[in-house]
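A look at the structure
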Amino acid sequence: MANFNDNQESSPLLTKQVLDEDLREKPNRKYSKETTAVVSPSPVVSTGHGLGWTADGLPLVHRSVVGEPLRRSQWNSSLFACLGRNDGFCSSDIEVCLLGSLVPCVLYGTNAERLGSEPGTFVNHCLQYSALYLIGNSFFGWNCLAPWFSYSTRTAIRRKFNLEGSFEALNRSCGCCGGCMEDELQREQCELTCDLATHVLCHPCAVCQEGREVRRRLHHPGFNTQAVLAMVPPGEQTMARGV
């Protein structure tokens, strides 16, 4: 009988605390299947610093509700900030302004290259943009075709860095589009339309704003940012003889 009790106490399927209490109260009692059954504890909702719950029954993780969309970031500069901001990228902003005004094909190519992070992307995008730019100015008198090709870069930047779109900014300022904001798919379709309208109506400003954004957030893929470890051989050592 002692061996049977020892086997029960060493069994991992039994709760040690329950067995200890039973041994103190009834040492001579024979254990049955009902007394050795482990009762699963009831779920406890934590209200401390761990996982908590809101009044609506939604779990809280790191002070945010699971399933609630993250708040989108703002662009580093506004659409009409032609000279950018007075910070460490001031000289780069002036360069972006000159490129966007004189040769927008070059600025668009560099934006696409930084966003794609692949050397050689610049030539493909720059040539395609230049062809549409020349056709639009030759047949229609203004750059009306290139914005239909370049607006996708603005959408890619907005999605990559979770930036606030023009449609969401309009709803935040006037609150007139609340119904469309609730549906994520419908909101994204409205944002795509606003990206296209921004490039068609304010194309040079849109390309410059995108250039300022990617230069602050991404390194040029042509620059090698990996550290190089140089091994220097030790110098020749000589031992002096004792006199």
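None of these values were measured; they are calculated from a predicted model. (Residues numbered from 1 in each chain as written. Predicted model: local features only at pLDDT ≥ 70, side-chain atom pairs only at ≥ 80, totals over all residues. Heavy atoms only, no water.)

Looking at the overall build of the protein
Helices and strands together make up the secondary structure of the protein, namely eleven helices and three strands. The buried share of the protein, reckoned over its 243 residues, is 30%. A separation of at least 24 residues holds for 60% of the contacts in the protein among residues at least 6 apart in sequence. With the model as given, the accessible surface of the protein reaches about 17100 Å², and the carbon-plus-sulfur share is 58%. (Helix = DSSP H or I, 4+ residues; strand = E, 2+ residues; numbered from the N terminus. Buried < 20%, exposed > 50% of the residue type's maximum accessible area, 1.4 Å probe, protein only. Contact = heavy atoms within 4.5 Å. Areas by Shrake-Rupley, 256 points an atom, 1.4 Å probe, with all protein chains shown as cover.)

Observations concerning the packing of helix α7 (residues 146-160) against helix α11 (residues 203-217)
To describe two helices that pack against each other, one gives the angle between their axes and the distance between the axes. Look at α7 against α11: their axes get within 11 Å of each other, and the N-to-C directions meet at 35 degrees. As for the relative orientation of α7 and α11, their crossing is left-handed in sense. Residues Pro147, Ser150, Thr153, Arg154 and Ile157 of α7 touch α11, and the partners they reach there are His203, Ala206, Gln209, Glu210, Glu213 and Val214. Looking at the contact of α7 with α11 residue by residue, the classes come out as four nonpolar, four polar and three charged. (Axes fitted to C-alpha atoms, helices over the stretch in contact; angles between N-to-C directions. Left-handed = near helix turned anticlockwise from the far one by under 90°. Nonpolar A, V, L, I, M, F, W, Y, C, P; charged D, E, K, R; others polar.)

What to know about the confidence of the model for the protein
Predicted confidence across the protein gives a mean pLDDT of 75, with 61% of residues reaching 70 or more. pLDDT under 50 marks residues 30-65. Its contacts with residues more than four places away, or in other chains, come to 34 contacts. (pLDDT = per-residue confidence, 0-100.)

Thoughts on helix α6 (residues 121-139)
In this model α6 runs 28 Å from its N-terminal to its C-terminal C-alpha over 19 residues, within 8% of the 27 Å that 1.5 Å per residue would give. Listing the buried residues of α6 in full gives Thr121, Cys126, Tyr129 and Gly136. Along α6, the residues classed as buried sweep out an arc of 100 degrees about the axis, all on the same side. Facing away from the buried surface of α6 by more than 90 degrees, the exposed residues are Leu127, Leu134, Ser138 and Phe139. (Expected span 1.5 Å × (residues − 1). Arc of directions from axis to C-beta.)

Thoughts on the environment of Met181
Relative to the elements of secondary structure, Met181 occurs in helix α9 (residues 178-182). Residues Met181 and Phe167 lie 14 residues apart in sequence; the distance between their C-alpha atoms is 9.0 Å.

Some words on the environment of Trp142
Positionally, Trp142 belongs in the loop between α6 and α7. Since its relative accessible area comes to 45%, Trp142 is described here as partly exposed. Excluding residues within four positions of it along the chain, Trp142 makes contact with Gly136, Asn137 and Val200.

Quick word on the nonpolar core
What tends to happen in soluble globular proteins is that the nonpolar side chains get buried as a cluster. Formed by Trp75, Leu115, Ile157, Phe161, Leu163, Val214 and Leu218, the largest nonpolar core amounts to seven residues. Look past the residues within four positions of Val214 in its chain and what remains in contact with it is Asn111, Arg114 and Ile157. (Core = buried A, V, L, I, M, F, W, Y, C linked by side-chain atoms within 4.5 Å.)

Topic: α11
Under the 1.5 Å per step criterion, the end-to-end length of α11 is 21 Å for 15 residues, consistent within 8% with the ideal 21 Å. Along α11, twelve of the 15 residues are buried, which leaves the element largely enclosed by surrounding structure. In the core, the buried residues of α11 are packed alongside α4 (90-102), α5 (104-116), α6, α7 and α10 (184-201).

Topic: the environment of Ser150
You can see Ser150 is positioned in helix α7. For the pair formed by Ser150 and Ala112, sequence separation is 38 residues and the distance between their alpha carbons is 9.2 Å. In contact with Ser150, other than residues within four places in its own chain, are Tyr108, Tyr129, His199 and His203.

Some thoughts on the packing of aromatic side chains
Under the criterion given, the structure shown has three aromatic pairs. Stacked on the ring of Trp75, the Lys or Arg Arg154 has its end atom at 4.7 Å from the ring centre. (Phe/Tyr/Trp six-rings, centres within 6.5 Å; stacked < 30°, edge-to-face > 60°. Lys NZ or Arg CZ within 6 Å of the ring centre and 35° of its normal.)

Brief notes about the pattern of salt bridges
If you walk through the whole model with that rule in mind, you get 14 salt bridges. Taking the shortest distance from any N to any O, the salt bridge between Glu188 and Arg187 comes out at 3.5 Å. A residue is classified by how much of its surface remains accessible, and Glu188, at 15% relative accessible area, is buried. Through salt bridges with shared partners, a single network forms among Arg72, Arg154, Arg158, Arg159, Glu168, Glu184, Arg187, Glu188, Glu191, Asp195 and Glu210. (Salt bridge = Lys/Arg side-chain N within 4 Å of Asp/Glu carboxyl O.)

Some points on a nonpolar patch on the surface
A contiguous nonpolar patch, built from Leu83, Ile94, Leu98, Leu102 and Val103 and spanning about 480 Å² of accessible area, is present on the exposed surface. With respect to the element layout, Ile94 can be found in helix α4. Relative accessible area serves as the criterion here: at 38%, Ile94 is assigned to the partly exposed category. (Patch = residues over 30% accessible without salt bridge, like charges linked within 9 Å, V, L, I, M, F, W, Y side chains within 5 Å.)

What to know about the side chain of Asn111
By the secondary structure assignment, Asn111 is in helix α5. Not counting residues within four places of it along the chain, the set of residues in contact with Asn111 comprises Val207, Glu210, Gly211 and Val214.

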